[in-house]
Structure formats: structure tokens, C-alpha cells
Amino acid sequence: MNAADRLRQRLKAGGIIAAPGAPDSLSARLVEQAGFEAIYMTGFGATASRLGRPDIGLLTQTEMTTHARDMARAVSIPIIADADTGYGGPANIARTIEEYAQAGVAAIHLEDQVAPKRCGQLAGIKLIPAEENVRRLK
């Protein structure tokens, strides 16, 4: 059973799943050793640990999926990963999903920010229209 199947099975069981944020593989291992059921790979954490910079879209899709792959190799529990805005239009989003799945990530979340994106903790976030986001997700 792969990570996505394990997470799907756990979600069906109901209840809250605590998935602490981890910026890198070592932190992911510590989250797993602490007994948590899942890990959240934060975009801010990945960017900060790799570049020492804020999460303003500086890492590419390839860099983020490589980072996710490294984390997935280090742990056996499911990883939920930040996939920014999907790194482009619908075709890019489809590729992003494939790349994260191949990296061993159980799930991703996609942001609905206007490009260029900003770190979610910063003020001034602007969102795309709901209709556009629905189209992107379809």
C-alpha cells in the first residue's frame, strides 16, 4: 500500500489527523519518531531550509518535488505537500500532481493566489476568482 492509499484509508476512519509541518528530511523523521500519523511539507519550511528565504515562489516545481522525494525517502508515514499554485496553468497543474505522486507524496494542497504568490503568513494576499480556480482544479 502506497502513502496515498494509507492516507486515504486513515481519512476514511474519521477523526483528526495531526500532520505537523516539517521543513526537511531530518525534521520529518523527528515528526515520525514522535508518533504522528502524517507530515506536512511546508513551502515556507522548504524554501527557508534550502535558500534561507521566505516563501514567495522562489523554488521551482522541480526543486519542490525533489525536496518532497527526499522527505518521502526518509519516512514511512504519509506526507501532505505544499504545491504552491501548481506552477502554471491546467497542464502545469496536471504535471505537478504527477511529479508529487512519483515523489511518493500522499497528498498536496494547491493555493488560489494571484501570481506572483506571497507567503501565506504575509499581508496583501490576492486570490484568483473562484470560477478560475474551479477551472484549474478540473
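Basis of the calculations
Residues numbered from 1 in each chain as written. Predicted model: local features only at pLDDT ≥ 70, side-chain atom pairs only at ≥ 80, totals over all residues. Heavy atoms only, no water. Helix = DSSP H or I, 4+ residues; strand = E, 2+ residues; numbered from the N terminus. Rg over C-alpha atoms; globule rule 2.2 N^0.38 Å. Buried < 20%, exposed > 50% of the residue type's maximum accessible area, 1.4 Å probe, protein only. Contact = heavy atoms within 4.5 Å. Areas by Shrake-Rupley, 256 points an atom, 1.4 Å probe, with all protein chains shown as cover. Lys, Arg positive; Asp, Glu negative; His and termini not counted. Charge placed at Lys NZ, Arg CZ, Asp CG, Glu CD. Pairing = 2+ DSSP bridges.

Novice: I tried to follow the overall build of the protein chain on my own but got confused; where do I start?
Specialist: Within the protein chain, the secondary structure is distributed over six helices and four strands. If you list the helices and strands of the protein chain from N to C, you get α-β-α-β-α-α-β-α-β-α. Taking 138 residues into account, the globule formula puts the C-alpha radius of gyration at 14 Å, and the protein chain, at 15 Å, falls close to it. Taking the principal axes of the C-alpha coordinates as reference, the protein chain spans close to 40 × 35 × 25 Å. Taken over 138 residues, the protein chain has a buried fraction of 35%. Considering only contacts in the protein chain between residues 6 or more positions apart, those separated by 24 or more positions represent 57%. For the protein chain, the exposed surface amounts to about 7700 Å²; the carbon and sulfur share of it is 56%. On the protein chain, the mean spot of the 16 positive side-chain charges and the mean spot of the 15 negative ones are 1 Å from each other.

Novice: Looking at this structure, I do not really get the sheet that holds strand β3 (residues 79-82). What am I missing?
Specialist: In sheet architecture, strand pairing relies on hydrogen bonds along the backbone and comes in two forms, parallel and antiparallel. Spatially, four strands are ordered β1-β2-β3-β4 in an open sheet, and the strand pairing comes out parallel. The open sheet is flanked by β1 (21-22) and β4 (107-109), the only strands paired with a single partner. Across three bridges, β3 lies against β4 in parallel orientation. Bridged to Asp82 within β4 is His109.

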